[in-house]
Structures are given as structure tokens and as C-alpha cells.
Amino acid sequence: MAIQGPIPISFDQVFPHGCFLVGQAEQVKDFDASTNGRTVYAKDRTTGQPVWQVPVMDGDPTVKASQKTVAVKILSATEPAAPPAVPGLPITPVEFVEMTVTPYVAQNGRLAYSIRATGMRPPRTKQAPNSKEAAA
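From a predicted model like this one, the values you see are computed outputs, not experimental measurements.

Note on placement: Ser 76 falls in the loop between strand E5 (69–75) and strand E6 (92–97). A polar contact is formed between the side chain of Ser 76 and the backbone oxygen of Thr 78, at a distance of 2.6 Å.

In C-alpha cells:
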């Protein structure tokens, strides 16, 4: 098969309605390598970069409440910095860069996806189409 490893995907394909930070970035533990009293942190197999995890809420209004919060893993040598908070909003909008998705079969036997990125930033503003393009 030609596709091997993580599949590149755009932020807009994963979160067409945007997403919001609902927690802090935490370094992912490697439970297989850790022993009693000694914590080992996970590294990406391909890049060797440390793996951080950030919980986000999907902005899609059609997603069930139980499926709204997902974890995005960020590959970064240092702790990823959250974008600045937006005054008046209780949660912070975020956009991820250089995203990939890896499908896998979860323990319940269903298809699931691991979402990874190399960084996060404030969301870009969407450009409104100009009047000539909208009329075409």
C-alpha cells in the first residue's frame, strides 16, 4: 500500500467549525517504558520529538456532547505555548499547524483517529470572498 504512517490533513478538514482549548498542554507519558518511581515521556517514532497532548473542544454544533472533547498531540522539543486568550471568551480559540491523522482500531473494536500537529497558533481570520468572486 502506498500510504504508510501519518496522513497529512488540513486543520479545516479536521475542525471545519474551529476548536477551543479546554486544558493545558501536558507531556505524554510512555507507560510501557516507565517503571515504578521513574517516569519516561513519549517520543515520536519518526521524528524523535517529545509528544505533548492538548485537550480541545470541537466547535461543530452537530457533534454529540460525549464526543466534543478530543486530544491533539503536538510534536515539539519544548512545551507548546497556547495562543493568547480572547477578551470576553471563557475558552481560547486555537488552530493547529502541520496536522496529520493516523487511523487505528480502538479497544472497543471501532475505528478511531490519532490527531497530531507540530504546533498551535491563534486562528487565522477567514477571508470573505470579494464581490466579483461571489457573483461568479
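A separate point is the pattern of salt bridges. Applying the stated criterion across every chain yields a total of 4 salt bridges. Salt bridges here are not isolated pairs; linked through shared partners, they connect Asp 12, Glu 95, Arg 121 and Arg 124.

In terms of nonpolar packing, the biggest core is built from 16 residues, with Val 56 and Phe 96 touching the most fellow members. The set of elements that each furnish at least two residues to this core consists of strand E2 (19–21), strand E4 (51–58), E5, E6 and strand E8 (111–117). In terms of residue count, E4 provides more of this core than any other element does, 3 residues in total. Phe 96 has contacts with Phe 11, Cys 19, Val 56, Val 72, Ile 74, Ala 117, Gly 119 and Met 120, leaving out every residue within four places of it along the chain.

Moving on, we come to the side chain of Asp 44. Along the polypeptide, Asp 44 turns up in the loop between strand E3 (26–27) and E4. By relative accessible area, Asp 44 is classed as buried at 12%.

Extensive coverage of E8 is indicated by the burial of 5 of its 7 residues. Bridging between E5 and E8 involves 3 bridges; their strand directions are parallel. For Lys 73, the partnering residue across the bridge sits in E8 and is Arg 116. Here strand E7 (residues 100–105) runs beside E8; their pairing, made up of 6 bridges, is antiparallel. Opposite Val 101, over in E8, you have Ile 115 as the bridge partner. The hairpin turn running from E7 into E8, its antiparallel successor, is 5 residues long, and Gly 109 in that turn takes a positive phi close to 90 degrees.

Rules used throughout
- Residues numbered from 1 in each chain as written.
- Predicted model: local features only at pLDDT ≥ 70, side-chain atom pairs only at ≥ 80, totals over all residues.
- Heavy atoms only, no water.
- Helix = DSSP H or I, 4+ residues; strand = E, 2+ residues; numbered from the N terminus.
- Polar contact = N/O pair within 3.5 Å; in protein donor to acceptor, adjacent residues only side chain to side chain.
- Salt bridge = Lys/Arg side-chain N within 4 Å of Asp/Glu carboxyl O.
- Core = buried A, V, L, I, M, F, W, Y, C linked by side-chain atoms within 4.5 Å.
- Buried < 20%, exposed > 50% of the residue type's maximum accessible area, 1.4 Å probe, protein only.
- Contact = heavy atoms within 4.5 Å.
- Pairing = 2+ DSSP bridges.

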